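One letter stands for each residue in the lines below.
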Amino acid sequence: MTEVAAWRCALPTVADTERWGRQLAAGLRAGDVILLAGPLGAGKTALTQAIGAGLGVRGPIVSPTFGLVRFYAPENSGPGLVHVDVYRLSSVTEVDDLDLESLMSDAVTVIEWGFGLGG
């Protein structure tokens, strides 16, 4: 059974975003998917960086705007992180073409700009 939760968060500072992202990461498991929405500069990538820090993944997490998908391996036995930016995509078919399923089962997936493409 798929569980869906929706939150609307006011995180006025980067420190608030980092704290909440780390707390959120503590409850995430491989296979979980998070869709982020908000205007440019809202902190979507900053939140993803905090989630990645909370998960303990490798590497500096950067926006996948031009690469569309970035995978970050776990430092230990936890899940990896798949970071996706679908801002420049216009259809669910284009998202399907990314073949995210091959990465998602062993990772937490964070999708920026995903609302509206879910059907």
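Above this note sits the structure.
Let me begin by describing the structure that accompanies this report. (Residues numbered from 1 in each chain as written. Predicted model: local features only at pLDDT ≥ 70, side-chain atom pairs only at ≥ 80, totals over all residues. Heavy atoms only, no water.)

The next subject is the environment of Arg 8. Summarising the element assignment, Arg 8 is placed in the segment before helix 1 (14-26). For Arg 8, a relative accessible area of 84% corresponds to the exposed category. Linking Arg 8 and His 83, residues 75 residues apart in sequence, is a C-alpha distance of 20 Å. (Helix = DSSP H or I, 4+ residues; strand = E, 2+ residues; numbered from the N terminus. Buried < 20%, exposed > 50% of the residue type's maximum accessible area, 1.4 Å probe, protein only.)

Turning to a negative patch on the surface, a few remarks are in order. Taken together, the side chains of Glu 94, Asp 96, Asp 97, Asp 99 and Glu 101 define an acidic patch exposed on the protein surface. Among the secondary structure elements, Asp 97 is positioned in the loop between helix 3 (92-96) and helix 4 (101-104). (Patch = residues over 30% accessible without salt bridge, like charges linked within 9 Å, V, L, I, M, F, W, Y side chains within 5 Å. Areas by Shrake-Rupley, 256 points an atom, 1.4 Å probe, with all protein chains shown as cover. Salt bridge = Lys/Arg side-chain N within 4 Å of Asp/Glu carboxyl O. Lys, Arg positive; Asp, Glu negative; His and termini not counted. Charge placed at Lys NZ, Arg CZ, Asp CG, Glu CD.)

A few words on the sheet that holds strand 3 (residues 80-85). Strands sit in the order 1-4-3-2 across an open sheet of four strands; the sheet is mixed. Two strands bound the open sheet, and with one partner strand each, they are strand 1 (33-36) and strand 2 (69-72). The mean angle between the axes of side-by-side strands here comes to 15°, regardless of whether they run parallel or antiparallel. (Pairing = 2+ DSSP bridges. Axes fitted to C-alpha atoms, helices over the stretch in contact; angles between N-to-C directions.)

Below, the discussion takes up helix 1. In this model, helix 1 (13 residues) spans 19 Å end to end at C-alpha, consistent with the 18 Å of a helix rising 1.5 Å per residue. Buried residues of helix 1: Thr 17, Gly 21, Leu 24 and Ala 25, and no others. Buried residues of helix 1 fall within an arc of 100° about the axis and therefore sit on the same side. Pointing more than 90 degrees away from the buried face of helix 1 are the exposed residues Gln 23 and Ala 26. Buried residues belonging to helix 1 abut strand 1 and helix 2 (44-55). (Expected span 1.5 Å × (residues − 1). Arc of directions from axis to C-beta. Contact = heavy atoms within 4.5 Å.)

Under the definition given, this model contains two salt bridges. In this structure, Asp 16 engages Arg 19 in a salt bridge whose closest nitrogen and oxygen atoms are separated by 2.6 Å. Of this pair, Asp 16 and Arg 19 both sit in helix 1, three residues apart, roughly one helical turn. With relative accessibility at 21%, the residue Asp 16 sits in the partly exposed group. A salt bridge links Glu 75 to Arg 58, with the nearest nitrogen and oxygen atoms 3.8 Å apart. With a gap of 17 residues between them, Glu 75 in the loop between strand 2 and strand 3 and Arg 58 in the loop between helix 2 and strand 2 connect regions that are remote in the sequence. Glu 75 gets classed as partly exposed once you look at its relative accessible area, which sits at 43%.

With that settled, consider the nonpolar core. Ranked by size, the top nonpolar core spans 14 residues in total, and within it Ile 34, Ile 51, Leu 55, Leu 81, Val 108 and Val 110 carry the most contacts. Of all the elements, helix 2 adds the most residues to this core, at three residues. Residues within four places of Leu 81 in sequence aside, it is in contact with Thr 48, Gly 52, Leu 55, Val 57, Ile 61, Arg 70, Phe 71, Tyr 72, Ala 107, Val 108 and Val 110. The next biggest cluster of nonpolar side chains, apart from the first, holds ten residues, and it includes Leu 68, Val 84, Val 86 and Ala 107. (Core = buried A, V, L, I, M, F, W, Y, C linked by side-chain atoms within 4.5 Å.)

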